[in-house]
Amino acid sequence: MDDLTGFQRDLLYVIAGADQPSGQDVKSEIESYYRADINHGRLYPNLDTLVNKELVDKGQHDRRTNYYEISEKGSRSIDDRQQWEQQYI
């Protein structure tokens, strides 16, 4: 997880805390936290990065809507990160 940007980590946390959110669901949660509009050109390439790093699995709800789900590797990465953070908090 040390090679992710803060934005990518935030996306990972949102996905981990939701039940198969769509890209739009993730976007809404991130926009709420950042209190800013997030454009598709920023969101989807970063989601694809998480998929390519095998931290997130991507599937289809229907022909138009993808969903994202935390992978086992992603879950382990979050656990490892939280343990590391606990040393300092």
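Everything numeric here is computed off the predicted structure, so don't read it as measured data.

Examined bridge by bridge, strand β1 (residues 56-60) and strand β2 (residues 66-70) share five bridges and lie antiparallel to one another. The residue bridging Gln60 from the neighbouring strand is Asn66, located in β2. Hairpin connection of β1 to β2: five residues between the antiparallel strands.

Before going further, it helps to spend a moment on the packing of aromatic side chains. For any pair of aromatic rings, the description rests on two quantities: the centre-to-centre distance and the angle between the ring planes. Enumeration over the complete set of coordinates arrives at three aromatic pairs. Aromatic rings pair up to connect Phe7, Tyr33 and Tyr34 into one cluster. Above the plane of the ring of Phe7 lies Arg42, whose end atom (NZ or CZ) is 3.8 Å from the centre.

Buried within helix α1 (residues 6-16) we find Phe7, Gln8, Arg9, Asp10, Leu11, Leu12 and Ile15. For α1, the secondary structure elements touched by its buried residues are α2 (23-34), α3 (40-52), β1, β2 and α4 (72-86).

Cut-offs used in this document
- Residues numbered from 1 in each chain as written.
- Predicted model: local features only at pLDDT ≥ 70, side-chain atom pairs only at ≥ 80, totals over all residues.
- Heavy atoms only, no water.
- Pairing = 2+ DSSP bridges.
- Helix = DSSP H or I, 4+ residues; strand = E, 2+ residues; numbered from the N terminus.
- Phe/Tyr/Trp six-rings, centres within 6.5 Å; stacked < 30°, edge-to-face > 60°.
- Lys NZ or Arg CZ within 6 Å of the ring centre and 35° of its normal.
- Buried < 20%, exposed > 50% of the residue type's maximum accessible area, 1.4 Å probe, protein only.
- Contact = heavy atoms within 4.5 Å.

Treat this as a map of the structure, not an account of what it does.
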